[in-house]
Structure formats: structure tokens, C-alpha cells
Amino acid sequence: MSLLLEMFTYPFILRAFIVGILVSLCAALLGVSLVLKRYSMIGDGLSHVSFGALAIAMACGWAPLPVSIPVVIAAALFLLRLTERSRIGADAAIAVVSASALAIGVVVTSLTTGMTTDVDSYMFGSILAMDRSDVVLSVILCAAVLVLFVLCYHKLFAITFDESFSRATGVKVNWYNTLLSVLTALTIVLGMQMCGAMLISSLVIFPALTAMRLFKSFRSVVICAGALSVVCFCAGLTGSYLISTPVGATVVLVDLAAFLLSCMVQRLRHK
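Treat the numbers as computed from the prediction; the structure is a model and nothing was measured. (Residues numbered from 1 in each chain as written. Predicted model: local features only at pLDDT ≥ 70, side-chain atom pairs only at ≥ 80, totals over all residues. Heavy atoms only, no water.)

## Considerations on the state of the cysteines
Under the defined criterion, the tally for this structure stands at zero disulfides. Here cysteine 142 stays unpaired: no disulfide links it, and the sulfur of cysteine 26, its closest cysteine neighbor, is 4.2 Å away. In this model cysteine 152 remains outside any disulfide bridge; the closest cysteine sulfur is found in cysteine 26, 15 Å from its own. You can call cysteine 152 buried: its relative accessible area is 16%. (Disulfide = S-S within 2.5 Å. Buried < 20%, exposed > 50% of the residue type's maximum accessible area, 1.4 Å probe, protein only.)

Here is the structure:
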């Protein structure tokens, strides 16, 4: 207990909790729509794009976030348009962009700075990399996502399950897809500092899949995914501090445990 109380005396731990809770909540809420629309791997693709942008920014001596945010947003919009207007499927488009961006980032890193501490933190996550600006950005992002879900719940529900019917009823499908893409891009950029480029997609996928095993209605799945993501992050960060393991990997393992538990519950229900 004394070790737990000591944990909250460190400012960087408090920042990590605030940023992590807000980013986890946003990733889970957006993840429900992304998984149902079969865009679940977009988080992985955008994280690799962000890593490539960060590698170039660090090589040029620029601030990483101001460079990576517009690049990742542009990549998200590009993927959206590519899957809408070409014969390339969403999974193939994401794989092409993801592999290309990661290759660029690795080559630029090897030719310039090498695997420094900063590069390593963006690859695998580091709570020490978070500062007050990340807290402010996370609060703004979380507010935007919550407003989107509260005010546009019915339209998001419609475009998630049937875009053609939504267009026929007058819903601006392209506008809502663009908004989802932009918010997802921002969530990925902020979450990379916590989980790293290799693990950030798990924050998008696991809570949604776990909630879908437990509930059937869209509203229940969204609420469960958000709550579960926050609980798993808090448990993962606390466990990481107590046993001295990487934060991102520990959070992902807690999410995995919750998913496996939900699979067991689903199987027991069927029996």
C-alpha cells in the first residue's frame, strides 16, 4: 500500500494517468466504430506513419508532434479516400501505407540519429515522454470525441452499420468518416508516447472486441468498451510500476486478459 501511495507522489506518473485514461477512452470509443467498419488495423497503420514522420522530424531537428500530427491526419484521410475510390481493400491499403512509412522511419533513423532514447520511446512507449502539453491535448481530444458520440450518436450508428442506407436518408457519410479519421489520427499520435508505435493499435481493438463478447447493442458496447479501456489502463500502469515492466506492454497484457476472460464468459453463456 505504501508503494501505491508513493506512486502518486511523482508528477510524471500523474500526467501518465491523466493522458492514459483520456487517450484510452478515446481509442475505445472510436475503436467500436472502426472494428465494426473493418478498419480495426488503421491504428497500426497510422502509428507507423507517425513513426516515419517523427523520425524525419528528429533528423531535421524539428519538434516531433507539430510535424507528426498533420502528417498522420493527411495519411488517415488518404486511406479513407483510397478505400472509397479504388479497388484496393481497406486492409491492403493500410498494409501498404503502414509498411512503407515504417520502412522510411527505420532507414531515416539508421542514417541519422540511430536508436536513441527518444526514438525508442516512440517505438515502444515511455511515460517519461509525456509533458503538460500532452495533458492539454488529451483533454481537448477527449472532449471532442465525447461531444461527437453524444451529439451524433444516431448518425454514427447508421454509418457504422449501413453507409448506403445512411446516404439515402441524407446523412453526410463522407463528413462523419472524415471526422472519425481525424480524431483517430490524433488519438494515435498522443497514444504512441504511452504504448509506442508497436502496441498502440491494441488500445483501439481489444476493448471493442471484449465489449462485443459481453453485449449486443451498440450503445452497451460503446459504454462497456470505454469503461473497460480505462480500467485496464489503470491496472496496467499500476502493475507496471509495481513490477517494473514497460507500461505499454503491461497495459496490452491486461487488455488481453480481459478479452480472454470475456471469451470464457461468452462460452459459458452459450452452454
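After presenting the structure, the write-up continues.
## Concerning the pattern of salt bridges
Taken as a whole and assessed by the stated rule, the structure comprises two salt bridges. Across the pair glutamate 163 and lysine 37 runs a salt bridge, and its minimum N-O distance is 2.5 Å. Of this pair, glutamate 163 sits in helix α9 (residues 163–168) while lysine 37 sits in the loop between α2 (11–36) and α3 (42–60), and the two are 126 residues apart along the sequence. For glutamate 163, a relative accessible area of 25% translates into the label partly exposed. What makes lysine 37 buried here is its relative accessible area of 14%. For glutamate 163, the salt bridge goes to arginine 167, with nearest N and O atoms at 3.8 Å. Of this pair, glutamate 163 and arginine 167 both sit in helix α9, four residues apart, roughly one helical turn. (Salt bridge = Lys/Arg side-chain N within 4 Å of Asp/Glu carboxyl O. Helix = DSSP H or I, 4+ residues; strand = E, 2+ residues; numbered from the N terminus.)

## Some points on the nonpolar core
Core analysis: the biggest nonpolar cluster contains 72 residues, and Leu46 and Val145 have the highest contact counts within it. The biggest single contributor to this core is α2, with 15 residues. Ignoring sequence-local partners within four residues, the contact set of valine 145 consists of Cys26, Leu29, Leu30 and Leu183. (Core = buried A, V, L, I, M, F, W, Y, C linked by side-chain atoms within 4.5 Å. Contact = heavy atoms within 4.5 Å.)

## Quick word on the environment of valine 49
Residue placement: valine 49 occurs in helix α3. When the C-alpha atoms of valine 49 and valine 72 are compared, they prove to be 6.2 Å apart, with 23 residues separating the residues in sequence. When neighbours within four sequence positions are excluded, valine 49 is seen to be in contact with Val71, Val72, Ala75, Val97 and Ala101.

## Details of the packing of aromatic side chains
Taken as a whole, this structure holds ten aromatic pairs when the rule is applied. Measuring from centroid to centroid gives 5.7 Å for tyrosine 153 and phenylalanine 218, while their planes differ by 40°, and the two rings are tilted. Here phenylalanine 218 lies in helix α12 (residues 218–243) and tyrosine 153 lies in helix α8 (residues 153–161), a separation of 65 residues in the sequence. One exposure class covers both tyrosine 153 and phenylalanine 218, and it is buried. Members of the aromatic cluster, each reached through a chain of ring pairs, are Tyr153, Phe157, Phe161 and Phe218. Just above the ring of tyrosine 153 sits the side chain of arginine 219; from NZ or CZ to the centre is 4.5 Å. (Phe/Tyr/Trp six-rings, centres within 6.5 Å; stacked < 30°, edge-to-face > 60°. Lys NZ or Arg CZ within 6 Å of the ring centre and 35° of its normal.)

## Quick word on a nonpolar patch on the surface
A contiguous nonpolar surface patch, about 270 Å² in accessible area, is contributed by Leu3, Leu242 and Ile243. Inspection of the secondary structure puts leucine 242 in helix α12. (Patch = residues over 30% accessible without salt bridge, like charges linked within 9 Å, V, L, I, M, F, W, Y side chains within 5 Å. Areas by Shrake-Rupley, 256 points an atom, 1.4 Å probe, with all protein chains shown as cover.)

## Examining the side chain of threonine 210
Assignment of secondary structure puts threonine 210 in helix α11 (residues 201–214). On the basis of relative accessibility, which here comes to 2%, the residue threonine 210 falls in the buried class.

## Digging into the confidence of the model for the protein chain
For the protein chain, the average pLDDT comes to 84, and 92% of its residues sit at 70 or higher. Model confidence for the protein chain, summarised as mean pLDDT per element, is weakest for helix α6 (residues 117–124) at 64 and strongest for α12 at 92. (pLDDT = per-residue confidence, 0-100.)

## So, α8
Looking only at α8, the buried set comprises Tyr153, Leu156, Ala158, Ile159 and Thr160. Packed against the buried residues of α8 are α2, α7 (132–151), α9, α10 (173–195) and α12.

## Looking at unusual backbone geometry
Glycine aside, residues mostly have negative phi angles, and peptide bonds mostly take the trans form. In this structure, serine 244 is a non-glycine residue whose phi angle is positive, near 60°. Here serine 244 lies in the loop between α12 and α13 (247–270). The exposure class of serine 244 is exposed, given its relative accessible area of 66%.

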